[in-house]
Amino acid sequence: MKSMSSENDDSQPLINKVVAFDFPETGRGNAVTEDVQRGDVLLEIPLSRCFSLESAQKSEMLTKAMAKATAAPAGTRFTPTHDQYMAMFILLEQNLGKQSSHYEHILSLPKAYDLPLFWSEEERKRSFFGTTTYAETLALDDEVIQDYELLKHHLGEDFFREQNITMDRFKWVRATLWSRQCDLLRPAPETTRLRVLVPEFDMFNHSSKVPLGSSHKLNYSRGLVTAFATANVPKGEQAYISYGSGEASSSKLLLWYGFAPLNEGENPFEQLDVTLSSQCSADRAECLKQALFASAQVYLRKIDSEWEEKKKRVVDENDKNEESMKYEGDAYLPMVVNVLHAPNDGESGEFIVRHSLPENNPLTSSLLAYARVQFLTEQDCRNPEIVARMLNSCSKLPPPMPTTTSSSSLPYDEYIMDDANEVGALATTVSLLESIRKNQPWFETPEESERLAQDDSNPDFHARCAARVRGVEKRIVEKASTEARRRLHFAIQACLRKSFSICDGFCGHCDVCKQSGCPWVHVLAQKDGAVQSESSRSSRVAISGIEYMLPLRAHLQVLNVCFLWMTGHVRTSEQVNDDSSEPEVKSAELLARAKSHEKTWPMREDDPMNERSVLACDSLDALAAQGLDGSNGEPNAHNGEEGEMLLPGAYNRILRNWSSRLFSQLTTSHIFSLSDANAIAQESSALRKRHALSVPTSEALAEINKYSPVLEMCCGSGLWSRRLHEIGCDVTSYTSSLFDDDVRDVRWFDSTMTCEDEKAVVVAETLARHKTLVLMWIDKGGEGNRGLDMVQCYEGDTLILVGEWSDRTYGSYVSFLPESGASFSKPFQKYVEENFSLVNEVPVGNWPMYDASLRVWKRREPFRPKTP
């Protein structure tokens, strides 16, 4: 151990157990000169030997130049920042050479830096374009230029020329400050930060394995900076420190220090910075300030509390003493939110805030608080009661997530302002995170990025560091988006459960209820006006993004549950009489038709899923994602209205709109508008007639194509035939003058023919030309003999039917639908089941309250050919 006296105070010893050394893995760092144990003092440096603002302000030359600049007339007066002052001080001390008291320190500083600031723009774009590191590097570029020009202007060009302060030297000194300054905390009661450049200490390298707050501290009473060993280190090996939580993420390490931790495994300090800007009124800005402060405080208190509990647990379980636990460091307390700019009190203007999303908990309470406040209306921001409720929700952590969908006892309402605000805020948060994810221009997965970062055979260190940053940023935004979606799903589920758990107003016995088939008709009629009065709030929820944020099957589920609730079949166990389980059993069977999205399902967890709806909706979503559902326009003209979208694109868009409309009303009123529900039912009926009673999926079309050539009888508007023809199926389609006028008025398939004698066409087309018969919803309302007449004269082996069947239909429970389904009559179904065997079933898209599928039947016994 070498012991010396400080230059200014002989009473302060300098302890030094380290020496600078070039390590092959990390470059220049500090090696210990003897075996050290965890907790040993490695280095003590007097503050008087450090570059600090206090020492800079003692420089006679700099003080004189700065005084001249700061004494300028009002309007041109200049107040230098800490780093501007420090940069000029170091450059002037460098000019003094050996005459400077900091000469040895300056001599030990690197002559050049490998920060991204010094990379070529071509390499930056190639390596990490689209990352926060890239954006911040450009910002640093601008900052260096602006600071240089600003200082040159205020201190004078003559001063800069005399002191040889060039742009290259200024850029070097700024890099020195960024990469070598450390922040030290003055003790209570002052508890302010002191930024200094510490000789010899600034040679320590960072390790993410070093516990926070354990490697160094400021001994303020003695005026010393002290570094400790955080592990047992043999002589000659490298000793590390922690650069602190705010600068220890891979992106910050690369930005400020020129490296990323490639060979240390997981970095517990990874985070993603998201900067948001908006124009705010004075009321909203004040609400934002209070909400962000409250949310950050509760978040950090939670982390600190959990850390203290963990340390206590470690002590209890491992029989450690409190003294040994100090080397475990401090809790990781990220600066989750930083208001970069806000309007003055009582003024409107731009509000800029940076959210830091830690990887271990990326959906921070501060980000949610920001979204909640932004979802308020201006009128809300001026309402003291609403603001108080908002701040109350922001002063609590996000609501706990249940382990099962049946966990309905959680006091969810205590954690949120109201359902509309929570759903809207979460939806906009998901939209934000998805926008960030989509704007990340690299295509490799986080796992692929990490493999590139760990590739020791690649000599391009820049490329490996950039790969680590890309992987981390994509991983964090994916985690945050996943968690935001999970919370959105739960918020929707909680709102639906609350809305459909009402008991008051259930009737079902009066003539009005019986005639309408709705035991809630009195409640709906009574509250319709109130729902409409909340239309402005519910519209905000509807356009928040939930329309395209949820999968199609979630929207279909909402619609089916809403309509089933109207019929009295969506009833929780609390609503069912204890002396009779029959209504509950009956409803459970019916709900099997409606459940298609488990994450937002408001009823019991063990309710069975309608797998056909899941498959069909997911298939239609996949087509939409590929732009193959007609939503981007039709390749061939049709004779519908100009700009009219066909199925399945129209179906996908319309269902999402209907669902968002009704659900948004539930968030504000916990009931939906009867007039809107009726309007949706009427629109659905008209669209089914105009387009198709079932929605074609790619799987259903492919299944029919297996049996080409095919004959589709009573094809209606010809939508299915059109889609079959587009995939190369040999399809012949006939319609009939017996169809409704609104169907006859449109032809989606130009080759559709009209016939009067349908049985003759079936015999001629299938017997002579061996075509497979395809029938869809042939018996209107599930009544009549039209389908039976055709199938009885069909002599082919294969029969393809699209529609409902008696074993699976809402009609068994809902009074206004046929019990055996609305597609095929009972005699038709009986004949088919007696003469054919079901060999395959393929899902198709269904309109609300219908449960059709495509079924392929094979004749049981070979038929005897008849003479034509």
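Above: the structure in question.
(A) Spatial organisation of the overall build of the chain. Broken down by element type, the chain carries 31 helices and 22 strands. In the chain, buried positions account for 55% of the 868 residues. Taking the contacts inside the chain whose residues are at least 6 apart along the sequence as the reference set, 71% of them involve residues at least 24 apart. Per element, the accessible surface of the chain, about 38,900 Å² overall, is 50% carbon and sulfur.

(B) Structural view of the pairing of strand β19 (residues 772-776). Taken across its five residues, β19 has five buried, putting it largely inside the fold. Direction of pairing for strand β16 (residues 710-713) relative to β19: parallel, over a ladder of four bridges. Bridge pairing in β19 links V710 to T772. Here four bridges tie β19 to strand β20 (residues 798-803), and the two strands are oriented parallel to one another. When the bridges of β20 are listed, M776 appears paired with V802. Traced from β19 through helix α30 (residues 786-792) to β20, the parallel crossover comes out right-handed.

(C) Geometry of the sheet that holds strand β21 (residues 836-843). Spatial ordering of the open sheet is given by β18-β17-β16-β19-β20-β22-β21, a layout of seven strands whose pairing is mixed. The sheet terminates laterally at β18 (753-755) and β21, the two strands that pair on one side only. Shown here is a sheet whose adjacent strand axes are inclined to one another by a mean of 25°, direction ignored. The sheet contacts of helix α31 (residues 826-835) involve β19, β20, β21 and β22 (853-859), and relative to β21 the element is tilted by about 110°.

(D) Highlighting helix α23 (residues 611-625). For α23, built from 15 residues, the straight-helix expectation of 21 Å at 1.5 Å per residue is met to within 8% by its first-to-last C-alpha distance of 21 Å. Those residues of α23 lying buried are R612, S613, V614, A616, C617, S619, L620, D621 and L623. Where α23 terminates, the next one or two residues include G627, which has phi positive at roughly 70°.

(E) Just unusual backbone geometry, in detail. Backbone torsion omega between L647 and P648 reads 5°, so that peptide bond is classified as cis. The linkage connecting S708 with the following residue, P709, adopts the cis geometry, with an omega of 5°. With respect to the secondary-structure elements, P709 resides in the loop between α26 (698-705) and β16. Of note, the phi angle at C714 is positive, near 55°, even though the residue is not glycine. Checked against the element boundaries, C714 lands in the loop between β16 and α27 (719-726). Even without being glycine, W777 reaches a positive phi, approximately 45°.

(F) How the structure looks around the pattern of salt bridges. Following the criterion strictly, the structure yields 50 salt bridges and no others. A salt bridge links R124 to E121, with the shortest nitrogen-to-oxygen separation between them at 3.2 Å. You can see R124 and its partner E121 sitting in helix α5 (residues 121-128), three residues apart, about one turn around the helix. Residue classification places R124 among the buried positions, given a relative accessible area of 4%. Across the pair R722 and E726 runs a salt bridge, and its minimum N-O distance is 3.4 Å. Of the two residues, R722 and E726 both sit in helix α27, four residues apart, roughly one turn of that helix.

(G) Quick peek at the sheet that holds strand β12 (residues 238-241). Across the sheet, which stays open at both edges, the four strands sit in the order β3-β4-β12-β9 with mixed pairing between neighbours. Looking along the sheet, the strands with just one partner apiece sit at the ends: β3 (18-23) and β9 (205-206).

(H) Structural view of the nonpolar core. F500, F672, W720 and L854 are the most contacted members of the largest nonpolar core, which has 132 residues in total. Among the elements that take part in this core, helix α17 (residues 461-499) stands out by supplying 12 residues, more than any other. Not counting residues up to four positions away in its chain, the partners in contact with F672 are F500, L524, V531, C562, W565, M566, L662, Q665, L666 and A677. Within the second largest apolar cluster, 64 residues are counted, among which are M86, L117, F204 and F259.

(I) Inspection of the packing of helix α16 (residues 446-453) against α17 at higher detail. Between α16 and α17, whose axes approach to 8 Å, the crossing angle comes to 160°. Judged on the interaxial angle alone, α17 and α16 are roughly antiparallel. Two packed elements cross with a definite hand, and for α16 against α17 that hand is left-handed. On the side of α16, the interface is formed by P446, S449, E450, L452 and A453, while α17 contributes R464, A467, R468, R470, G471, K474, R475 and E478. Here the contact of α16 with α17 is composed, by residue class, of four nonpolar, two polar and seven charged.

(J) Structural detail: the environment of Q526. Relative to the helices and strands, Q526 resides in helix α19 (residues 521-533). You can call Q526 exposed: its relative accessible area is 65%. Considering only alpha carbons, one finds Q526 and G505, 21 residues apart in sequence, at a separation of 9.9 Å.

(K) Molecular detail of the packing of helix α24 (residues 649-669) against helix α25 (residues 674-690). Running from N to C, α24 and α25 point in directions that differ by 170°, and their axes come no closer than 11 Å. With respect to α25, the axis of α24 lies roughly antiparallel. When α24 is examined against α25, the residues I654, W658, R661, L662 and Q665 are found in contact with a partner set consisting of D676, A677, I680, E683, S684 and L687. For the contact of α24 with α25, a count of residues per class yields six nonpolar, two polar and three charged.

Cut-off values and rules
Residues numbered from 1 in each chain as written. Predicted model: local features only at pLDDT ≥ 70, side-chain atom pairs only at ≥ 80, totals over all residues. Heavy atoms only, no water. Helix = DSSP H or I, 4+ residues; strand = E, 2+ residues; numbered from the N terminus. Buried < 20%, exposed > 50% of the residue type's maximum accessible area, 1.4 Å probe, protein only. Contact = heavy atoms within 4.5 Å. Areas by Shrake-Rupley, 256 points an atom, 1.4 Å probe, with all protein chains shown as cover. Pairing = 2+ DSSP bridges. Right-handed = clockwise from strand over helix to strand, strands pointing away. Axes fitted to C-alpha atoms, helices over the stretch in contact; angles between N-to-C directions. Expected span 1.5 Å × (residues − 1). Salt bridge = Lys/Arg side-chain N within 4 Å of Asp/Glu carboxyl O. Core = buried A, V, L, I, M, F, W, Y, C linked by side-chain atoms within 4.5 Å. Parallel < 35°, antiparallel > 145°, perpendicular 65-115°, else oblique. Left-handed = near helix turned anticlockwise from the far one by under 90°. Nonpolar A, V, L, I, M, F, W, Y, C, P; charged D, E, K, R; others polar.

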